[in-house]
Amino acid sequence: MVGWRGSRGGGDGAPSDDRIASSQTVRLGKVQPQAPGHRTVFCNDREANSLAKYKGNSVSTTKYDVFTFLPKGLFEQFRRVANLYFLMISILSCTPVSPVSPITNVLPLSLVLLVSLVKEAWEDWKRFQNDMSINNSNVEVLQDWNWVPTPWKKLQVGDIIRVNQDGFFPADLLFLASTNPDGVCYVETANLDGETNLKIRKAPERTWDFVSPDKVSEFKGEVQCEQPNNSLYTFTGNLIIDKQILPLSPNQLLLRGCSLRNTEYIVGAVIFTGHETKVMMNSMKIPSKRSTLEKKLDKLILALFTVLFCMCLLGSIGSGIFINSKYYYLRFDTSEAQFDPDHRFVVAILTFFTLITLYSPIIPISLYVSVEMIKFIQSTQFINNDLRMYHAESNTPALARTSNLNEELGQVEYIFSDKTGTLTRNLMEFFKCSIGGEVYGTGVSETEIGTARRTGVKVEAQKQSSAASERGFNFDDARLMRGAWRNEPNPDCCKEFFRCLAICHTVLPEGDESPERIRYQAASPDEAALVVAAKNFGFFFYRRTPTMIYVRESHVDKMGKVQDVPYEILNVLEFNSTRKRQSVICRYPDGRLVLYCKGADTVIYERLADGNPDLKRMSREHLEQFGASGLRTLCLAYKNLRPDVYESWNEKYIHAKSALRDREKKLDEVAEQIEKDLILIGCTAIEDKLQEGVPACIETLSRAGIKIWVLTGDKMETAINIAYACKLINNGMKQFVLSSETEAIREVEDKGDQIELARYMKEVVKKELKSCHEEAQKFLHMDSAPKLALIIDGKCLMYALDPSLRGMLLNFSLNCTAVVCCRVSPLQKAQVTSLVKKGANKITLSIGDGANDVSMIQAAHVGVGISGQEGMQAVMASDFAIAQFRFLTDLLLVHGRWSYHRICKVVTYFFYKNLTFTLTQFWFTFETGFSGQRLYDDWFQSLYNVIFTALPVIIIGLFDKDVSAALSKKYPELYKEGIRNAFFKWRVVATWAFFAIYQSLVLYYFVVASSKRAINSSGKLFGLWDVSTMAFTCVIVTVNLRLLMMCNTLTRWHHISVGGSILFWFIFVFIYSGVVLPNKEQENIYFVIYVLMSTVYFYLTIILVPIAALFCDFLYMGAQRWFFPYDYQIVQEIHRHEADTSRIGLLEVGQSQLTPDEVRSFAIMQLPGEKSRHTGFAFDSPGYESFFASQAGVYVPQKAWDVARRASMRSKSKTPRTPRTPRTPQRN
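Computed from a predicted structure; not experimentally measured. (Residues numbered from 1 in each chain as written. Predicted model: local features only at pLDDT ≥ 70, side-chain atom pairs only at ≥ 80, totals over all residues. Heavy atoms only, no water.)

Considering the overall build of the protein chain
Where we set the bar: Going along the chain from the N terminus, every DSSP run of H or I of four or more residues is numbered as a helix, and every run of E of two or more is numbered as a strand. Buried residues are those whose accessible area, probed at 1.4 Å on protein chains only, stays under 20% of the maximum for their type, while exposed residues exceed 50% and partly exposed ones sit between those limits. Here a residue-residue contact requires only that any non-hydrogen atoms of the pair lie within 4.5 Å. Residue exposure ignores everything except the shown protein chains as possible cover, and the areas themselves are Shrake-Rupley values with a 1.4 Å probe.
A tally of regular secondary structure across the protein chain gives 40 helices and 33 strands. The proportion of buried residues among the 1228 residues of the protein chain is 54%. Long-range pairs, those at least 24 residues apart, make up 74% of the contacts in the protein chain between residues at least 6 apart in sequence. Counting only carbon and sulfur atoms, one obtains 56% of the accessible surface of the protein chain, whose full area is about 54,700 Å².

Thoughts on helix α33 (residues 1024–1045)
Rules: What a helix should span is 1.5 Å times the count of its residues minus one.
The end-to-end C-alpha distance of α33 is 31 Å, a good match for the 32 Å that 22 residues give at a rise of 1.5 Å each. Counting buried positions along α33 gives 19 out of 22 residues, so the element sits mostly inside the fold.

Remarks on the sheet that holds strand β4 (residues 160–164)
Selection rule: A pair of strands is treated as paired once DSSP finds two or more bridges between them.
A sheet is described by the order of its strands in space; here six strands give the open sequence β3-β2-β4-β13-β5-β11, paired in antiparallel fashion. The sheet is open, and its two edges are formed by β3 (146–151) and β11 (253–254), each paired on a single side.

Some thoughts on the environment of Q625
Positionally, Q625 belongs in helix α15 (residues 613–628). Here Q625 falls in the partly exposed class, since its relative accessible area comes to 38%. Residues Q625 and E717, 92 residues apart in the sequence, show an inter-C-alpha distance of 8.9 Å.

A few points about the nonpolar core
Note the following rule: To define a nonpolar core, start from buried Ala, Val, Leu, Ile, Met, Phe, Trp, Tyr and Cys residues and group those joined through side-chain atoms within 4.5 Å.
Counting 110 residues, the largest nonpolar core has F940, F1032 and W1065 as the members making the most contacts within it. For this core, the element with the most residues is helix α27 (residues 888–926), which contributes 15 residues. In this view, W1065 contacts F940, F948, T1029, F1032, T1033 and I1036; residues no more than four positions away in its chain are not counted.

Notes on the environment of F1032
Following the sequence through the fold, F1032 ends up in helix α33. Residue F1032 is classed as buried on the basis of its relative accessible area, which comes to 0%. Through-space distance from the C-alpha of F1032 to that of Y936 is 7.4 Å; in sequence the pair is 96 residues apart. Aside from chain neighbours lying at most four places away, what touches F1032 is F917, Y936, F940, Y944, F948 and W1065.

Regarding helix α19 (residues 716–725)
Buried residues dominate α19, accounting for nine of its ten residues. By the burial criterion, the buried members of α19 are M716, T718, A719, I720, N721, I722, A723, Y724 and A725. Positive backbone phi, approximately 65°, marks K727, located one or two places after α19.

Brief notes about the pairing of strand β27 (residues 707–711)
When a strand is regular, its side chains alternate between the sheet's two faces. With four of its five residues buried, β27 lies for the most part within the structure. Pairing geometry for strand β15 (residues 414–417) and β27, over four bridges, is parallel. Counterpart to Y414 in the pairing with β27 is K707.

Remarks on the side chain of R499
Here R499 shows up in helix α12 (residues 491–503). Assessed through its relative accessible area of 10%, R499 is described here as buried. Setting aside anything within four residues of it in sequence, one finds R499 in contact with C504, F539, E553, V556, Y567, Y588 and Y596.

Quick notes on the packing of helix α32 (residues 986–1011) against helix α36 (residues 1096–1123)
Heads up, the rule is: Fitted lines through C-alpha atoms give the axes, limited to the stretch in contact for helices. The angle between two N-to-C directions lies from 0 to 180 degrees. By the definition adopted for this analysis, an angle is roughly parallel if under 35 degrees, roughly antiparallel if over 145, roughly perpendicular if from 65 to 115, and oblique otherwise. The handedness criterion is simple: a crossing whose near helix is rotated anticlockwise from the far helix by less than a right angle is left-handed, and one whose near helix is rotated clockwise is right-handed. Classification convention: Asp, Glu, Lys, Arg as charged; Ala, Val, Leu, Ile, Met, Phe, Trp, Tyr, Cys, Pro as nonpolar; all other residues, Gly among them, as polar.
Put simply, α32 and α36 touch, their axes get as near as 10 Å, and they point 155° apart. Taken as axis vectors, α32 and α36 run roughly antiparallel relative to one another. Helix-helix and strand crossings are classified by hand; for α32 and α36 the assignment is right-handed. On α36, the residues that touch T991, F995, Y998, Q999, V1002, L1003, F1006, V1007, S1010 and S1011 of α32 are Y1097, T1101, V1105, A1108, A1109, L1110, C1112, D1113 and Y1116. Counted by class, the contact of α32 with α36 contains 13 nonpolar, five polar and one charged residues.

Description of the UniProt feature "transmembrane region" (unreviewed entry) in the protein chain
Keep this limit in mind: UniProt positions are given in the numbering used here, feature names are shortened, and annotations may be inferred rather than shown by experiment.
When the UniProt feature table is mapped onto this chain numbering, "transmembrane region" (unreviewed entry) sits at residues 300–325, 345–369, 906–926, 946–967, 988–1007, 1027–1044, 1056–1075 and 1087–1116. With 68% helix and 0% strand, residues 345–369 has its two end C-alpha atoms placed 39 Å apart. Secondary structure within residues 906–926 divides into 100% helix and 0% strand; the distance between the first and last C-alpha atoms comes to 31 Å.

A look at unusual backbone geometry
Phi is positive for N262, which is not a glycine, with a value near 55°. Tracing the sequence through the fold places N262 in the loop between β12 (259–261) and β13 (265–272). By relative accessible area, which is 40% here, N262 ends up partly exposed. A positive phi angle, close to 55°, is found at R482, a residue other than glycine. Following the sequence through the fold, R482 ends up in the loop between α11 (446–455) and α12. For R482, a relative accessible area of 63% puts it in the exposed group.

Side note on the confidence of the model for the protein chain
Definition in use: Scored from 0 to 100, pLDDT reflects the predictor's confidence in each residue.
Across the protein chain, the average pLDDT comes to 81, with 84% of residues at or above 70. Within the model, pLDDT remains below 50 along residues 463–468, and this stretch shows six contacts once partners closer than five positions in the same chain are excluded.

Description of the sheet that holds β27
In space, the nine strands of this open sheet follow the order β14-β33-β32-β31-β15-β27-β30-β29-β28, with mixed pairing throughout. Edge positions in the sheet fall to β14 (399–400) and β28 (734–738), since each has one partner strand and no second.

Observations regarding the pairing of strand β20 (residues 539–544)
Within β20, five of the six residues are buried, which leaves the element mostly enclosed by the surrounding structure. Both β20 and strand β21 (residues 548–554) contribute to a ladder of five bridges, which runs antiparallel. What sits directly across from R543, in β21, is Y550. From the end of β20 to the start of β21, which pair antiparallel, there are three residues.

Quick look at the structure:
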């Protein structure tokens, strides 16, 4: 099953003739009008529900249908300025003022629109097929006391359906019953959030026995619930059965798109259908992003419009001045307003429109299509298939989810990164703990080792005594293992600590009920690590039902004794980002009532009972110690409950749970009443190790001129130490810390006046920011100024983002090399990203792995998702997806830089070749009295962009490479050229424009001047169409050769494309001028090329004119490379004798599934097929596949050029040379 991405309304709610007959007879008086705040659904009663006109279950994610495709598709295409311009030109070309045939402009526009519309149609057709597949899937619906297979699209609200194991839920269902005991089922939500761990759902007890069709047919329930909304994790409603009200929560809702696991089948009632299901209401489009270069391209197009306007204005003025009755011999046709000497103003206006159509090729119509094609291939073939960004451990390749932002990757200046799961592995390991004021655990964390290296202290991690360490448990302290905790001074406290770990959670056990084989399905890696720790301490959680948890406890009563203890779970107060804690109320077998609570230290300490100050103080010190070691901490506490207190509270809890309005708020308020006067047990410390290669990656990116900001929800101490461990911050930096954890702020907090606290905090933040900014300015003016780093927490950041302080924060932070924001919310992450993106106008990239990073990812210019342990929500919202943070090096420094270079070359070359071609026509206008006479044949002008110069520019956009991938990473400073936008400045555009003007003058005047005395084989002088064909041939040869000059590497594809384009021109003109067509215009050039090629003049001109036109370019390129080289050119010279053996390798797709021939072909593909030297003017040598294949042990047939080359080398090799061991080629 795939995800749904549509957002259009669909499905018809009106009952149809072919719908399923209801199994119930309905009285109309039973139906009540719908309240605006909630909906009422009558289960198993279609006629009653039909009056409410609920939407059907058919979904549509397509953008078009049969009737809207053409108008809507054309509207989308003409939203582009260039396409709209050419539509206007095409209309003009159909009028009498046009000097060219309509085909000249209509044909290229039609081709561009056709390609774009075919692409749109193909994508929408795939979406339509996917919709049809989903809508026609079958599910069993209750009909006349039987389960009848029915397509999803025919489901209606209120239907009773049965979903079998591994099946997908066709709509949002109220869970009624399952084949599992106690009415539970297991659900996988991978299609919603990417998480593969199973979730448990529990049916209302009143409906547990609705399993058989006979029993469920008698069901007459009424559901009152919230209106459809897009909140995946909330649901408020009540089920009314026989006047009994049963509260409904998200645990009773089965969402469309999820699948059933480990359950034979379930029975449910349809609540929301089609586009009203939660998953469909969440299927909003990712915000559309355009690259900065593309936006600047729009400005270039506008500049070309300006140039076009000036050319036409000049021509129209010249026409009005030139036309005069004294030129009687020109025989002006006064019947045409455009040639009437008595109305010069009208002549000028009409000539203006004539020249617009004549000069229209100055705007490159095929530019957008070519750039889109290049970007698409770059994404799908290069980025997605790069072995350097393939993570073998998780079998995850890189994924470009959009091709619009490839070149943006080459200009990123600021990276905003999450910490957990992005810089770290999000593979949590129980590492240390504090119980009753005593620290346990002897390990040394990675952060502690990094801190020790920084301070010069030698620290050795103690080796673990255990033979094997379980995943999630990296704890070593004999005092707690194998029952040794009984000998500690606080054994009762230890026992409560372990029970809290084993009971206070929502983990699901899977597999055999043995410690070795059991698997835990947890909502987060932290929670799984805590349960695994409890198991290793002798409190083995092995079974869960909706009301019970079973724990196998060892060494409790006496050493060696093992007993299975059932704990009745009465209430679960779930964790959320507001509460920052989770509580479980359980009943012991002896009737004792206990509340266990775990959560953030700040939240737990606020709810502790008075007394025992030493334990609180020591535990806080331990928390700070763990935080300084880069560990994630949680506090554990408990509370014994009296039965009467619990019963009184539980009534309030049930009442809040049944509320239809503000249920979450009321539940939180009720939870506050019992989560107080807690007794502190201790705290846990979990290590989340750094991902492989993170420090080296950050160091490389810093050298590339990229500034990295870490935005995390962790404590300041933890974040700072992680920043040190990954080399984001070092001792050589000047650090500015803005923290809300100061004595002065705590004193104001203790007074409880929130208004005064806000005022005081704002003043403090303003004062600190001003002080930091002034101090930073002093450092910046020093000769050897240290790098600056800012560390700020969420509370200070909240006030710093105030509109009055935002500018000061931005100015200061932009001067910092590194910024660490701690304790920040997802909204603050997005706000910080937008601050730099919009306030500083810098290219930003956000990278994260969790749902809390989505807003940050979507706020940045480029969003990168890490496919990690926290599901796929970040990936689904991202523009690019990678498996590890270290792959950013290849994504930015290699693919990003290459893409930026290539797209810049493509755009500037398009600008150059179109300007050169149009200016030759412009110079001709001066010799025709500004009459608008065309120089070139209509078909020449039509096919210039579409055929004769199209392929080479695509090849350079795909294969041009200034330096290899290895050198790109070896010299990360090369990336700064992209940050400075060195290759798409107006200065660069002006340089190309200058040479376009120069070449157009050479091409036009050299050909015209040389042809004045040239004669054909019949002794006749050349006419207009002879000269124009000669000039057009020179233009084609010149612009194609100019493309070769700008290439950094030349492969066989460059030669084939350039040679093929020139050859295709000759083939076309041979056929076009050699065949008589009914078109009168074609008579002008009939047999022209044959006449031209029969003269020596043709061959001299085609050689000398392009050389003259390109000579100045050659001199300029040489002078620029010699005296004002770019950074990449310096690197090319350093490594000019080193052959580039790197290439983008294709991903292996499981060679066990390939045939022997496919395996051999794959092995050949991995060989370095193209060899090139980066000297700026280098030419490619043939690929010696057979030689490299022999080195790799792969058989490849000998190629002719290999044999010839070795033979020539043997014949020339007369001086003995020292043999050198051949290097085995490696993929860089």
